[in-house]
Amino acid sequence: MSSAISQSKNQLYQELRATVKKHHPDADLELLDLAYDFADKAHEGQLRASGEPYITHPLHAAIILAKMKLNLPIIIAALLHDVPEDTSKTLNEIKKDFGSDIASMVWGITKLGTIKYRGMERYTENLRKMFIAMASDIRVVFIKFADRLHNLSTLEYLPPKKRYRIALETLEIYAPIANRLGMGEIKGQLEDLAFKYVYPKEYEWTISQIRASYDKKTAVLEHAAKQAEKFLHEAGIKDFFIHSRRKHIYSLYKKLLEKDSDAGKIYDLIAIRVIVKDLADCYAALGIVHKYWKPLKGRIKDYIAQPKPNGYRSLHTTVFEDDGDIIEVQIRTQEMHDSNEYGIAAHWRYDEAGKKAVFGKEISWMQELAKIQKEFENKKQFLEGLDSLKIDVFQNHIFVFTPKGDVIDLPEDATPVDFAYAIHSDIGDQCAGAVINEQIASLDTPLKNGDVVHIIINKDRKSPSADWLKFIKTRSARQKIKAKLNAKSTGLINRLLHKT
Ligand code: MN
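Only a predicted model underlies this, so the values are computations on that prediction, with no experimental measurement involved.

Participant: Any details on the coordination of the manganese ion? Residues and values, ideally.
Facilitator: Taken together, His-57 (NE2), His-81 (NE2), Asp-82 (OD) and Asp-147 (OD) make up the protein donors of the manganese ion, found 2.1 to 2.3 Å from the metal. Donor residues for the manganese ion sit on one chain with the sequence pattern H-x23-H-D-x64-D. Residue His-57 is located in helix H3 (residues 56-67), and its partner Asp-147 is located in helix H9 (residues 138-153); the two are separated by 90 residues in the primary sequence. Each member of the pair, His-57 together with Asp-147, is buried.

Right, dumping it as structure tokens:
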């Protein structure tokens, strides 16, 4: 048994190592070995709900990221992502062995894990804010997606209630964010894995709708792909390859709802994908396809000249194949393909230097998040009226966490005292000290996005300090402190008057 286990985890590790080496021949594989060893020892003896050794989970997550061609620090952070939360090894040890950059990614993931579930509405709100708080390091979001993808694939081992909650939060939060970041493949996988747990009947229905057409289509596609290969060769197109792709089940379900449940009307159930070497070949290949197969009217789409809002680029055409079957053909370059599948992650990985020089893409990611934030705020506005206007501009706001995982909105440069009053007046009044990200800090320290703050209270303390008024940033803390100080001085005067 134990040798079978170590064989399976070692196989996974070899797969990871080979994938990293393939995409990054110069990567420091010895460091990867060290990280694997570190994580494996830390998780030693721990099991997943599936009964597998725990280490298989970070290994699977790291493999997902390695296949996205992401670079070594991200892969290592993924291997270590559950270490501080679930083992006796600390973040400081990770920092000592692997440096502060990797440690800061692991810290980001650990923070996401501290969000606790207390009713869906509040929880999703917290989770959204948390994702936005993570904007400072998008790599943390990539790792979180990989973590979630693997957790979803082993969801069957969890109790039904937890299963449902994780799947629902995937559909409501993770997938839309992946979509916004142009990570089409990740979005599709997240949705497909969550679908059957959130809407089991609809899932079964969708499968039953398409089963027959799938089998028929698969045969047609195989034939068509061979034909297409021949046409392109004869026309002198070089360095291309063809594969077929099945539509993701969840997006198919949504499309079936639009098309009166007729799977026969969905032409891209399975499509042929042609990957060519450059832009000119995209249009050349389209011409060749149309020379042999008659295109359907109004179905030629040039998403290269006019990309979709999420950045998707490809040529699409729907044609009548030799035997009269209708098929969709998608044509793009490898770079477009990577970008369509992995969005911002595909752009990100070309930057080997690290997170600093992420060219213009970093800016658009920030803009995307600002948009998401706006959307959520607009939704809130519907529900809560003018209340949401309190949250004005995203840039001037920070999100700070309680140790239990609640997220508190504060203005930029707010202090632990503002934070304490935002939680509760009593906590503000009795505030005696603060621990920020596990470090003792003074009460006037400006807080940063994503900080985890623990307020030390002194129950004997009955009133706030007038000195706090010099540095606090929120109006509500100011009002509460003043009210308390006024009450205190009035009480003192009353007592003095009483005595005389
Ligand atoms: Mn995990």
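Past the structure itself, the notes keep going.
Participant: Tell me about unusual backbone geometry, and name the residues and values.
Facilitator: Here Asn-437, not a glycine, exhibits a phi torsion of approximately 50°, which is positive. One can find Asn-437 in the loop between strand E9 (431-436) and strand E10 (439-441). Classification of Asn-437 by relative accessible area gives partly exposed; the value is 22%. Even without being glycine, Glu-438 reaches a positive phi, approximately 70°. Structurally, Glu-438 is set in the loop between E9 and E10.

Participant: Describe the side chain of Lys-187, naming the residues involved and giving the relevant values.
Facilitator: Looking at the secondary structure, you find Lys-187 in helix H11 (residues 184-198). Among residues more than four places away in sequence, those in contact with Lys-187 are Ala-175, Ala-178 and Asn-179.

Participant: Which residues make up the packing of H9 against helix H10 (residues 160-180), and what values do they have?
Facilitator: The interhelical angle for the contact between H9 and H10, taken along N-to-C directions, is 145°, at an axis separation of 12 Å. Handedness of the crossing formed by H9 with H10: left-handed. Across from Lys-144, Phe-145, Arg-148 and Leu-152 in H9, the residues of H10 making contact are Ile-166, Ala-167, Glu-169, Thr-170, Tyr-174, Ile-177 and Ala-178. Per-class residue counts for the contact of H9 with H10 are seven nonpolar, one polar and three charged.

Participant: I'd like a description of H11, backed by residues and values.
Facilitator: Within an α-helix, residues lying three or four positions from one another point in the same direction, as the helix has 3.6 residues per turn. With 15 residues, H11 extends 20 Å between its outermost C-alpha atoms, agreeing within 8% with the 21 Å of an ideal straight helix rising 1.5 Å per residue. Within H11, 11 of the 15 residues are buried, which leaves the element mostly enclosed by the surrounding structure. For H11, the complete set of buried residues consists of Glu-185, Ile-186, Lys-187, Gly-188, Leu-190, Glu-191, Asp-192, Ala-194, Phe-195, Tyr-197 and Val-198. Buried residues along H11 sit against H9, H10, helix H12 (200-234), helix H13 (249-258) and helix H15 (334-342).

Participant: Any details on the nonpolar core? Residues and values, ideally.
Facilitator: Grouped together as the largest cluster of nonpolar side chains are 81 residues, with contacts concentrated most on Leu-16, Leu-32, Leu-65, Leu-80, Phe-145 and Met-183. Of all the elements, H9 adds the most residues to this core, at nine residues. One finds Ala-228, Ile-270, Ile-272 and Val-276 within the second-largest nonpolar core, a separate group that totals 27 residues.

Participant: Requested: an account of the pairing of strand E2 (residues 270-276), with residues and values cited.
Facilitator: Within E2, seven of the seven residues are buried, which leaves the element mostly enclosed by the surrounding structure. Here strand E1 (residues 241-246) pairs with E2 via six bridges, running antiparallel. Note that in E2 the partner of His-243 across the bridge is Arg-273. Looking at chain direction, E2 and strand E6 (residues 326-333) are connected through six bridges and run parallel. Directly across from Val-276, in E6, lies its bridge partner Thr-333.

Participant: Account for the sheet that holds E9, naming residues and giving values.
Facilitator: One open sheet accounts for three strands, arranged E10-E9-E11; its pairing is antiparallel. Each edge of the sheet is formed by a strand with only one pairing partner; in this case those strands are E10 and strand E11 (453-457). On average, adjacent strands in this sheet sit at an angle of 35° to one another, irrespective of strand direction. When E9 meets E10, the two strands line up antiparallel, connected through three bridges. For Val-435, the partnering residue across the bridge sits in E10 and is Ile-440.

Participant: Any details on the pattern of salt bridges? Residues and values, ideally.
Facilitator: With the rule as written, the count across this model stands at 19 salt bridges. Close ionic contact of Glu-191 with Lys-254 constitutes a salt bridge, the shortest N to O distance being 3.9 Å. Here the residue Glu-191 occupies a position in helix H11, and Lys-254 occupies one in helix H13, the gap between them amounting to 63 residues. Between Lys-470 and Asp-467 there is a salt bridge; the shortest N-O distance is 3.3 Å. Assessed through its relative accessible area of 44%, Asp-467 is described here as partly exposed. Three or more residues are tied together by salt bridges with common partners; here these are Arg-148, Arg-165 and Glu-169.

Participant: Could you give an account of the side chain of Arg-332, naming the residues involved and the relevant values?
Facilitator: Looking at the secondary structure, you find Arg-332 in strand E6. Here Arg-332 occupies a buried position and makes no salt bridge, while the nearest side chain of opposite charge, Glu-341, is found at 5.0 Å. A distance of 3.1 Å separates the side chain of Arg-332 from the side chain of Ser-314, its partner in a polar contact. Side-chain polar atoms of Arg-332 contact the side chain of Gln-330, separated by 3.4 Å. Contacts of Arg-332, omitting those with residues within four sequence positions, involve Arg-273, Val-274, Ile-275, Val-276, Cys-282, Tyr-312, Arg-313, Ser-314, His-316, His-337 and Asn-340.

Participant: Could you give me a rundown of the confidence of the model for the chain, with the residues and numbers involved?
Facilitator: When pLDDT drops low, the exact placement of atoms in the prediction is not to be read closely. The predicted model of the chain averages 83 in pLDDT, with 82% of residues at 70 or higher. Across the chain, the element-wise mean pLDDT spans from 48 in helix H17 (residues 359-384) up to 97 in helix H2 (residues 29-42). Considering only residues more than four positions removed or in separate chains, one finds that residues 350-363, a stretch of pLDDT under 50, has 16 contacts. Predicted confidence for residues 379-395 stays below pLDDT 50, and this span has 20 contacts to residues more than four positions away or in other chains.

What counts, and where the lines are drawn
- Residues numbered from 1 in each chain as written.
- Predicted model: local features only at pLDDT ≥ 70, side-chain atom pairs only at ≥ 80, totals over all residues.
- Heavy atoms only, no water.
- Donors = N, O, S within 2.8 Å, 3.2 Å for Na, K, Ca; no water.
- Helix = DSSP H or I, 4+ residues; strand = E, 2+ residues; numbered from the N terminus.
- Buried < 20%, exposed > 50% of the residue type's maximum accessible area, 1.4 Å probe, protein only.
- Contact = heavy atoms within 4.5 Å.
- Axes fitted to C-alpha atoms, helices over the stretch in contact; angles between N-to-C directions.
- Left-handed = near helix turned anticlockwise from the far one by under 90°.
- Nonpolar A, V, L, I, M, F, W, Y, C, P; charged D, E, K, R; others polar.
- Expected span 1.5 Å × (residues − 1).
- Core = buried A, V, L, I, M, F, W, Y, C linked by side-chain atoms within 4.5 Å.
- Pairing = 2+ DSSP bridges.
- Salt bridge = Lys/Arg side-chain N within 4 Å of Asp/Glu carboxyl O.
- Lys, Arg positive; Asp, Glu negative; His and termini not counted.
- Polar contact = N/O pair within 3.5 Å; in protein donor to acceptor, adjacent residues only side chain to side chain.
- pLDDT = per-residue confidence, 0-100.

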